[in-house]
Amino acid sequence: MTETRAFNFNAGPSALPTEVLHKAQQELLNFKGTGMSVMELSHRSKEYDAVHEGALARLRSIMNISDEYEVLFLQGGASLQFSMIPLNFLHEKQVAYYVLTGAWSEKALKEAEKLGHTKVIASSKEQNYSYIPAVDCSLTLENPAYVHITTNNTIFGTQWHDFSGLPDADLVADMSSDILSRKLDVNKFSLIYAGAQKNLGPSGVTVAIVKKSLLERSHSNLPTMLNYTTHTKANSLYNTPPTFAIYLLSLVLQWVEEQGGIEKVEQRNEQKAALLYNSIDDSNGFYTPHAAIDSRSNMNVTFTLPTEEATKKFLSSAKEKGFIGLAGHRSVGGCRASIYNAVSLEACEALATYMQDFKNSYL
Ligand SMILES: *Cc1c(COP(=O)(O)O)cnc(C)c1O
């Protein structure tokens, strides 16, 4: 592979494995002897069906998802899930409980508020979402529809590391920015959802993993496309699915297998994050981390520099060196390096070195 690839630290859409793009390129004009690309196949053809079934089976295998769950490929992004979840599962006399850990959980809550009763059971908003708040596990939840959490907070750079101690109720999790980044016991959750464009593939497809027992509690009289049951009954083929995005997702899943599975991917993610956090911690205060130590994300590393001017300089010379996507979100400021699965160890090593060099030359 001789072509120049950027060191891509974009928050989403984000880096895809080079091997995946090569494979898609090779197959683009003539997918498995069909004389057409996956984009041009009928979604009812046997060739597309193999792609679709293969992607579902691989995801089940990699995440160890049992038969008690349905796996769905949906559209509308994680953002549509913010509405679909309360639409389907929040009944009149019930309460949906939310833990607020960032902008995405706020948005999820806002949609549920339009549809029924909600309550916030923990929040770190008053500290600009710099940590994952503890949930009082002695809480008894009145008529819970579900408890909603955001496992990785893409903008603020915090991540849940421990799911014990949550009150007893169906647990719903937005895993858009850390799905498939670490080993996970799916059985702790009743619904997991994720837009694909961070760790799973390109934008356009959203994965939902839904427990069958939760589906049984779903409202029945809903707009067809907003009803999970429509999609479970049709195996995510009720209408035309985003076929090319699902194809790329299946290639990313194959790539995860080739890496040695989720354990290996997790190990490398820990190594990658440690490189950057070490550069922050060893900088004598030049780089200030946003996240509290025990809440640090292995996917989005957020930090600020001493001045606005230093930040500007850091970002502009980073760009010259081929580091892309390092500007922080405006609600935190400073910088953010998103180091999803497809971002290589080499890219993180190069960034860690750049951070040290920049600090030394700036002071
Ligand atoms: C990116 C992101 C979203 C939004 O996803 P869309 O697919 O653009 O709707 C939601 N939640 C989290 C945690 C995210 O990182």
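Look up a bit, the structure's there.
Residues numbered from 1 in each chain as written. Predicted model: local features only at pLDDT ≥ 70, side-chain atom pairs only at ≥ 80, totals over all residues. Heavy atoms only, no water.

Brief notes about the nonpolar core
If you look at soluble globular proteins, the nonpolar side chains tend to sit buried side by side. Membership of the largest hydrophobic core comes to 57 residues, with the highest contact counts inside it found for Ile149 and Leu180. Top contributing element to this core by residue count: helix H7 (residues 243–258), with 10 residues. Leu180 has contacts with Leu59, Ile62, Met63, Leu200, Leu253, Val256, Ile262, Val265 and Asn341, leaving out every residue within four places of it along the chain. Leu74, Leu109, Leu191 and Leu215 belong to the second-largest nonpolar core, a separate cluster that totals 28 residues. (Core = buried A, V, L, I, M, F, W, Y, C linked by side-chain atoms within 4.5 Å. Buried < 20%, exposed > 50% of the residue type's maximum accessible area, 1.4 Å probe, protein only. Helix = DSSP H or I, 4+ residues; strand = E, 2+ residues; numbered from the N terminus. Contact = heavy atoms within 4.5 Å.)

Structural notes on the packing of H7 against helix H8 (residues 261–281)
Remark: H7 packs on H8, axes separated minimally by 7 Å, with the N-to-C direction vectors making an angle of 80°. When the interaxial angle is binned, H7 and H8 end up roughly perpendicular. Across the interface between the two elements, Trp255, Val256 and Glu257 of H7 pack against Gly261, Ile262, Val265 and Arg268 of H8. (Axes fitted to C-alpha atoms, helices over the stretch in contact; angles between N-to-C directions. Parallel < 35°, antiparallel > 145°, perpendicular 65-115°, else oblique.)

As for the site of the ligand
Near the ligand lie 13 residues; those nearest to it are Ser79, Thr154, Asp174, Gln197 and Lys198. At a separation of 2.9 Å, an oxygen atom of the ligand approaches a polar side-chain atom of Gln197. Contact with the protein chains removes 87% of the 390 Å² of surface that the ligand exposes when unbound. Here the shell around the ligand takes 4 residues from helix H3 (residues 77–89), the largest share from any one element. Looking at the shell around the ligand residue by residue, the classes come out as 3 nonpolar, 8 polar and 2 charged. (Near = heavy atom within 4 Å. Polar contact = N/O pair within 3.5 Å; in protein donor to acceptor, adjacent residues only side chain to side chain. Areas by Shrake-Rupley, 256 points an atom, 1.4 Å probe, with all protein chains shown as cover. Nonpolar A, V, L, I, M, F, W, Y, C, P; charged D, E, K, R; others polar.)

Quick look at the side chain of Arg296
Locating Arg296 in the fold gives a position in the loop between strand S11 (288–289) and strand S12 (300–304). Note on Arg296: relative accessible area 11%, which makes it buried. With near-sequence residues (within four places) excluded, Arg296 lies in contact with Gly157, Gln159, His161, Tyr277, Asp281, Pro289 and Ala291.

Brief notes about the sheet that holds S11
Sheet architecture is open: 3 strands sit in the order S11-S12-S14, paired in antiparallel fashion. Strands with a single pairing partner mark the edges of an open sheet, and in this sheet they are S11 and strand S14 (335–338). When S12 meets S14, the two strands line up antiparallel, connected through 4 bridges. Looking across to S14, one finds that Phe303 is bridged to Cys335. Here H8 sits on the sheet in contact with S11, S12 and S14, set at roughly 15° to S12. (Pairing = 2+ DSSP bridges.)

Quick word on the pairing of strand S9 (residues 191–195)
Put simply, side chains in a regular strand alternate between the two faces of the sheet. Judged by how many residues are buried, S9 sits mostly within the fold: 5 of 5 residues are covered. Burial along S9 is two-sided: the face carrying Leu191, Tyr193 and Gly195 and the face carrying Ile192 and Ala194 are both buried. As paired strands, strand S8 (residues 171–174) and S9 are joined by 3 bridges and run parallel to one another. The residue bridging Val172 from the neighbouring strand is Leu191, located in S9. Here S9 runs beside strand S10 (residues 206–211); their pairing, made up of 5 bridges, is antiparallel. Its bridge partner lying in S10, Leu191 is registered against Val210.

Comments concerning a nonpolar patch on the surface
Taken together, Leu28, Leu29 and Met39 make up a surface patch of nonpolar side chains, about 320 Å² in accessible area. Note that Met39 resides in the loop between helix H1 (18–26) and helix H2 (46–63). (Patch = residues over 30% accessible without salt bridge, like charges linked within 9 Å, V, L, I, M, F, W, Y side chains within 5 Å. Salt bridge = Lys/Arg side-chain N within 4 Å of Asp/Glu carboxyl O.)

A few points about the layout of surface pockets
Using a probe with the size of a water molecule, rolled over the atoms, empty space left in the structure can be pinpointed. The volume enclosed by the largest pocket comes to roughly 470 Å³. At the level of secondary structure, the elements contributing two or more residues to the lining of the largest pocket comprise strand S1 (7–8), H1 and helix H10 (345–362). A class-by-class count of the residues in the lining of the largest pocket yields 12 nonpolar, 5 polar and 5 charged. (1 Å grid on protein atoms, 1.4 Å probe; cavity = no way out; pocket = protein on both sides within 12 Å on 5 of 7 lines; lining within 4 Å. Points joined across faces, edges and corners; volume = space filled by probe spheres on them.)

Don't take any of this as a statement about function, it's just geometry.
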